[in-house]
Structure formats: structure tokens, C-alpha cells
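What follows is the residue order along each chain.
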Amino acid sequence: QTGANDLQTKADRMVQMSICASLARKFPKVTIIGEEELPPHDVAEELIEDGHCEEILKKPCPPQYTGIKEEELVIWVDPLDGTKEYTEGLLDHVTVLIGIAYGGKAIAGVINQPYYNYEAGADAVLGRTIWGVLGMGAFGFELTEAPAGKHIIVTTRSHSSALVNDCITALNPDTVIRVGGAGNKIIQLIEGKASAYVFASPGCKKWDTCAPEAILHAVGGKITDIHGNSFHYNKEVKHMNSAGVLAALRNYDYYASRIPNTVKQSLVP
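Criteria and cut-off values
Residues numbered from 1 in each chain as written. Predicted model: local features only at pLDDT ≥ 70, side-chain atom pairs only at ≥ 80, totals over all residues. Heavy atoms only, no water. Domains from an automatic or database assignment. Buried area = accessible area lost by both parts, 1.4 Å probe. Salt bridge = Lys/Arg side-chain N within 4 Å of Asp/Glu carboxyl O. Polar contact = N/O pair within 3.5 Å; in protein donor to acceptor, adjacent residues only side chain to side chain. Helix = DSSP H or I, 4+ residues; strand = E, 2+ residues; numbered from the N terminus. Nonpolar A, V, L, I, M, F, W, Y, C, P; charged D, E, K, R; others polar. Core = buried A, V, L, I, M, F, W, Y, C linked by side-chain atoms within 4.5 Å. Buried < 20%, exposed > 50% of the residue type's maximum accessible area, 1.4 Å probe, protein only. Contact = heavy atoms within 4.5 Å. Expected span 1.5 Å × (residues − 1). Bend = angle between axes of the 7 residues up to and from the residue.

K.L.:
Looking at this model, I keep getting lost on the domain arrangement of the protein. Mind explaining?
P.N.:
Many authors give the size of an interface as the accessible area that is lost as the parts come together. Domain assignment breaks the protein into domain 1 (10-137) and domain 2 (152-266). Here the C-alpha centroids of domain 1 and domain 2 sit 21 Å apart. Here domain 1 packs against domain 2, burying approximately 2500 Å² in sum over the two surfaces, 66% of which is carbon and sulfur. Linking domain 1 with domain 2 are three salt bridges. In this assembly, domain 1 and domain 2 are joined by nine residue pairs in polar contact (both at pLDDT 80 or more). Only β1 (31-34), β2 (73-81), α3 (83-87), β3 (95-102), β4 (105-113) and β5 (128-133) provide two or more residues apiece to the side of domain 1 that touches domain 2. The biggest single contributor to the side of domain 1 that touches domain 2 is β4, with eight residues. Taken together, the residues that form the side of domain 1 that touches domain 2 break down as 18 nonpolar, eleven polar and nine charged.

What follows is the structure, encoded as C-alpha cells:
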């Protein structure tokens, strides 16, 4: 057990140090909040990424964001989302999440899947990056809607409870998919493999939802807590999403209207 946990901690820390140090060097005035509590110290130069993507820089910035000051941005980083699955070798569940918030709202996000295609053979291109900005759209994947009339729920694989399962049962799903990682669950929605993401439990944090929210909202989906409240991402906000998660690419209202009151009463925002 310790071996897996050590592995997870080392991977988490190395990735977070790389992301946070690279961003802080380029954008010294932004607030960066990461999952791991890391002591401030010098980061090895080989962990710093100082390049940028020319293809993305060619795209025009949405007009509502052209006047933003660096110090007004908060970046939420989850260096390794789907940790338990990572230690169990379920590598396709693993994502790296970088979400950008302005005025408390998720406005841009990156979901990197480092092991995407890892089972597809030696010739396959390993890994992919999905990203999106409100007012611009989302890129790096093929937007697909779940089959019409089917209620396919994606939920937690490793954090189940009676409440989580009662909530799903009340939605009368055709299928339930259990996978790790919030980033991975949002990918299921935008690639049409699931019609709703339902997690009736505390446990999910702001760094789990910021990047996926920006990408989902950029393509017209919706994510809230179980009560239908929006998430806030200003730097003072509490890190826990204590009232769970409800998300859909389409037909959000259908699922929201069917969350039982008993579930809502059990989850206090």
C-alpha cells in the first residue's frame, strides 16, 4: 500500500512543481492554488517549461477577456486527477487539470491525458491535451452527444456510498459507468459516452472541477453542485465542493429535476 502511495505522492509533487513553477515564472502576479501542499523551494530547471503553443496564440482572445490583468486570475491545478486509479494501473483514468478563473468564474481550462491511447499499440500517439476558453470553444477532441433518449450516468469508481448510489437509482439510468477522476468524467460527457455526471457526496475539490467546468461550459454544457448552485473559484473560496457535482452536456434540467430532496438535504453547500 505504501509503495502505491509513495508513487502517487512523488508523481503528484513533481507534476505540480513543474506546472506551478513554470506558470509562476511566466506570470508572476497570478494566484496559483494546487492540490499538493508544497514547501516553497527552488525547482530544478529541467522541470520548468518555458515554451508556448504557437497554434493557440494565433487564435483571437474573446473580447470580454482582453482587458484582464494578470493579478486578477486564479489558476487551480490538480497535478494528478484519478490518483487511486493511477496507482492501480488504470492509466486512461488519469488527467492533469489546469483551470483558469476570473471574477470567481471558470473561464479557461486544460485537461491533459498523459496516457491517452496507452493500450492502442506501439504505433499509437500517446497522450492528448483538451483545452477550452469561454467564448472561443474547446479543442483537442471530437464533440459528441450521448445517444438520444438514453440516460447513461458516469460516477465515482472509488468513493461510492449509500447516498451516491441512492441518488443514481432515483435517476433511473439505463447504464452506470464508474470511472476515476473528475477530468475523465467530463471527457465521458463531451465525447458522448455518458449523458450525466452525478456525484452526491463531498470530496471533490475546486482544482478537480475548474478546468473541466470551463471546457464543458465552452461547448454549451452545465456543471453545478447537487442543488444547482454554481461553483466559485476566487482565491478565498473553500476548496471542497461539499454539495457534490451534477453535470451534463445536454438536458441538464432533466437530471437536476430528478435529484431527490433527501439527497439535497444530506449535502449542505
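Additional details are given in the paragraphs that follow.
K.L.:
Sorry, what's going on with the nonpolar core here?
P.N.:
Trp76 and Tyr197 are the most contacted members of the largest nonpolar core, which has 71 residues in total. Among the elements that take part in this core, helix α6 (residues 206-218) stands out by supplying seven residues, more than any other. Both domain 1 (10-137) and domain 2 (152-266) contribute no fewer than three residues apiece to this core. Non-local contacts of Tyr197, meaning those with residues more than four positions away in its chain, are made with Val154, Ala182, Lys185, Ile186, Leu189, Cys204, Val245, Leu246 and Ala247. Within the second largest apolar cluster, five residues are counted, among which are Ala11, Tyr86, Leu91 and Val94.

K.L.:
Which parts of the structure should I look at to understand unusual backbone geometry?
P.N.:
Negative phi values dominate among residues other than glycine, just as trans dominates among peptide bonds. The phi torsion at Asn117 lies on the positive side, around 75°, for a residue other than glycine. Of note in this structure, Asn172 is not a glycine but carries a positive phi near 50°. Tracing the chain through its elements places Asn172 in the loop between α4 (162-170) and β8 (175-179). The exposed category is assigned to Asn172, whose relative accessible area is 62%.

K.L.:
Quick question: what am I supposed to make of α6 here?
P.N.:
Side chains that are three or four residues apart share a direction in an α-helix, a result of its 3.6 residues per turn. Along its 13 residues, α6 runs 18 Å from first to last C-alpha, staying within 8% of the 18 Å computed at 1.5 Å per residue. Of all the bends in α6, the greatest measures close to 25° and is centred on Pro212. In terms of burial, α6 is largely enclosed, as twelve of its 13 residues are buried. Buried residues of α6: Lys206, Trp207, Asp208, Thr209, Cys210, Ala211, Pro212, Glu213, Ala214, Ile215, Leu216 and Ala218, and no others.

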